[in-house]
Each structure stands twice: as structure tokens, then as C-alpha cells.
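# Chains, contacts and geometry: an overview
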Amino acid sequence: MAASPTSRTQRAIDAETAEGLYRHVTRVDACTYLVPGSEYLFYIVKRDGWTFICECRAAVALTPCRHAAAAWHTMIRDQAGKTEGGN
């Protein structure tokens, strides 16, 4: 996921934000996030600079996914110093 999102990336961000998925992301370390998927699945999202790499089927097919968007949202929120309730 790039710093200036494409329309497909923006749709993934919008879907994730509407769903509030970022509220359920666990930051494992500075570059690793555990993001809930459907049912009881969790996806590991790795960050390399401003690129977020997910292991879900959409991401493997090179389609921006909501899991990477949630990790990005979590990173931005953490950098802003906001808490879960603050956004």
C-alpha cells in the first residue's frame, strides 16, 4: 500500500474504516501486525517502509486488501498518538 493510494487501495481503506477493522489489530512489533479475517482467521501483515504485505488471497493476487489497510490505519493512528476510543 503506497503513501498516495490508488482508487483500489482507497476502496480497501474505505471498506476497512467503515468496518472498524483497525480497532481489532494487534501490533506484534514495529513492522508486524496481526489482523483478524473472517470467522476465526487472522492474517499477518508485514510493513516494509510504506508497503504493507498481507498473506490473504486478495493480496496474493496483488489486489489491495482490507487487512493491509487496517495495519496501515493502525500505524497512522499510533504515530498520531491516538487511542482506540479517539479513532
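Quick summary incoming for the structure in this document. (Residues numbered from 1 in each chain as written. Predicted model: local features only at pLDDT ≥ 70, side-chain atom pairs only at ≥ 80, totals over all residues. Heavy atoms only, no water.)

Quick look at the nonpolar core now. Soluble globular proteins: nonpolar side chains tend toward being buried together. If you look at the biggest cluster of nonpolar residues, it comprises 19 residues, and the most contacted ones within it are Tyr33, Val35, Val45, Phe52, Cys54, Cys56 and Cys65. Of all the elements, helix H3 (residues 66–80) adds the most residues to this core, at six residues. Setting aside residues up to four positions removed in sequence, cysteine 54 forms contacts with Tyr43, Ile44, Val45, Ala59, Cys65 and His67. (Core = buried A, V, L, I, M, F, W, Y, C linked by side-chain atoms within 4.5 Å. Buried < 20%, exposed > 50% of the residue type's maximum accessible area, 1.4 Å probe, protein only. Helix = DSSP H or I, 4+ residues; strand = E, 2+ residues; numbered from the N terminus. Contact = heavy atoms within 4.5 Å.)

The next point concerns the environment of threonine 74. Mapping threonine 74 onto the fold places it in helix H3. As for threonine 74 and histidine 24, which are separated by 50 residues in sequence, their C-alpha atoms are 9.3 Å apart. What threonine 74 contacts, discounting residues up to four positions off in sequence, is Tyr22, Val25 and Tyr33.

Below, the discussion takes up the sheet that holds strand E3 (residues 42–48). With antiparallel pairing, four strands are arranged side by side in an open sheet as E1-E2-E3-E4. Of all strands in the sheet, those bounded by a partner on one side alone are strand E1 (26–29) and strand E4 (51–54). Across the sheet, the mean angle from the axis of one strand to that of its neighbour is 30 degrees, orientation sign disregarded. Strand direction decides the pairing type here: E3 and E4, joined by four bridges, are antiparallel. What sits directly across from arginine 47, in E4, is phenylalanine 52. (Pairing = 2+ DSSP bridges. Axes fitted to C-alpha atoms, helices over the stretch in contact; angles between N-to-C directions.)

Attention shifts here to the environment of glutamate 19. Checked against the element boundaries, glutamate 19 lands in helix H1 (residues 7–19). For glutamate 19, a relative accessible area of 46% corresponds to the partly exposed category. Looking at glutamate 19, its side chain comes within polar contact range of the side chain of arginine 66, at 2.6 Å. (Polar contact = N/O pair within 3.5 Å; in protein donor to acceptor, adjacent residues only side chain to side chain.)

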